[in-house]
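One letter stands for each residue in the lines below.
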Amino acid sequence: MLSIKNAKKLLPVLAALLIAVLSVFVLTDKIPQLSFITQSLDSLEQSNQTVLRFTGSTMAASVAITALPDDFATPLASTLADINKYFVVILIAIFVERLILVEGIRLSLTYLIPAACILWAAARLLNNPTIRNFALRIVILGLAVILVVPCSTHFVDAVCSDYLQYVEDTI
């Protein structure tokens, strides 16, 4: 027979294991389909297109300035061509954000969160605070992977919504 003391110890362990199973089999499919995540993907794609248009515009301006007679505008054309290095860095950052959003969420829900739940359950059974703290850190990492890019994307969209028309006009 299961004593009340053991039942109180076993219930949180079973809850953690249930969270791990739900994370793998339910949340892995549901979370990436949320509108919050899909809106972030759309925003990243729109940012990617904007940066690509800026890149094309600066290269076209550089080529046009280079075609002018004499060499008085060559430094300006060179500077415009150098700006494209920064656009490449921005494109890489957008690509990494998209990678974190698409693959990071899946990996976090499939591996990090369940591993943290299993470690927490083991720490609870073994009464080991070191394992419990490690499990807590893994959960924080997993939640950060899930939330940072979508939250930052929506924050940037909210802050910069007034300036988007100006950017479009500039392009």
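Residues numbered from 1 in each chain as written. Predicted model: local features only at pLDDT ≥ 70, side-chain atom pairs only at ≥ 80, totals over all residues. Heavy atoms only, no water.

## Quick look at the pattern of salt bridges
- In total, this model carries two salt bridges according to the counting rule given.
- Note that Asp 82 and Lys 85 form a salt bridge whose closest N and O atoms lie 3.8 Å from each other. Here Asp 82 pairs with Lys 85, and both are found in helix H3 (residues 74-126), just three residues apart, close to one helical turn.
- Classification of Asp 82 as partly exposed rests on a relative accessible area of 35%. (Salt bridge = Lys/Arg side-chain N within 4 Å of Asp/Glu carboxyl O. Helix = DSSP H or I, 4+ residues; strand = E, 2+ residues; numbered from the N terminus. Buried < 20%, exposed > 50% of the residue type's maximum accessible area, 1.4 Å probe, protein only.)

## Side note on a positive patch on the surface
- On the surface, Lys 5, Lys 9, Arg 124 and Arg 132 cluster together into a patch of positive charge.
- Relative to the elements of secondary structure, Lys 9 occurs in helix H1 (residues 4-30). (Patch = residues over 30% accessible without salt bridge, like charges linked within 9 Å, V, L, I, M, F, W, Y side chains within 5 Å. Areas by Shrake-Rupley, 256 points an atom, 1.4 Å probe, with all protein chains shown as cover. Lys, Arg positive; Asp, Glu negative; His and termini not counted. Charge placed at Lys NZ, Arg CZ, Asp CG, Glu CD.)

## Here we look at the environment of Asn 133
- Structurally, Asn 133 can be placed in helix H4 (residues 129-160).
- For Asn 133 and Leu 119, which are 14 residues apart along the polypeptide, the C-alpha to C-alpha distance reads 9.5 Å.

## Some points on the nonpolar core
- Leu 44, Leu 101, Ile 105, Leu 109 and Cys 117 are the most contacted members of the largest nonpolar core, which has 18 residues in total.
- For this core, the secondary structure elements donating two or more residues are H1, helix H2 (35-66), H3 and H4.
- The dominant element in this core, judged by the number of residues it contributes, is H3, at eight residues.
- Not counting the four nearest positions on each side in its chain, Leu 44 is found in contact with Ile 94, Glu 97, Arg 98, Leu 101, Val 149 and Thr 153. (Core = buried A, V, L, I, M, F, W, Y, C linked by side-chain atoms within 4.5 Å. Contact = heavy atoms within 4.5 Å.)

## A closer look at the confidence of the model for the protein
- For the protein, mean pLDDT is 87; residues scoring 70 or higher make up 96% of the total.
- When mean pLDDT is taken per element in the protein, H4 scores highest with 91 and helix H5 (residues 164-170) scores lowest with 71. (pLDDT = per-residue confidence, 0-100.)

## Structural notes on the packing of H2 against H3
- One way to put it is that H2 packs onto H3 with a least axis distance of 9 Å and a crossing angle of 165°. Overall, the two elements H2 and H3 adopt an arrangement that is roughly antiparallel. Between H2 and H3 the crossing geometry is left-handed.
- Its residues assigned to classes, the contact of H2 with H3 comprises 21 nonpolar, eight polar and two charged. (Axes fitted to C-alpha atoms, helices over the stretch in contact; angles between N-to-C directions. Parallel < 35°, antiparallel > 145°, perpendicular 65-115°, else oblique. Left-handed = near helix turned anticlockwise from the far one by under 90°. Nonpolar A, V, L, I, M, F, W, Y, C, P; charged D, E, K, R; others polar.)

## Digging into the packing of aromatic side chains
- Applying the stated criterion across every chain, the model contains one aromatic pair.
- Where Phe 54 meets Phe 87, the ring centres are 5.8 Å apart and the plane angle is 10°; that geometry is what we call stacked. You can see Phe 54 sitting in helix H2 and its partner Phe 87 sitting in helix H3, a full 33 residues away along the chain.
- When its relative accessible area of 23% is taken as the criterion, Phe 54 is described as partly exposed. (Phe/Tyr/Trp six-rings, centres within 6.5 Å; stacked < 30°, edge-to-face > 60°.)

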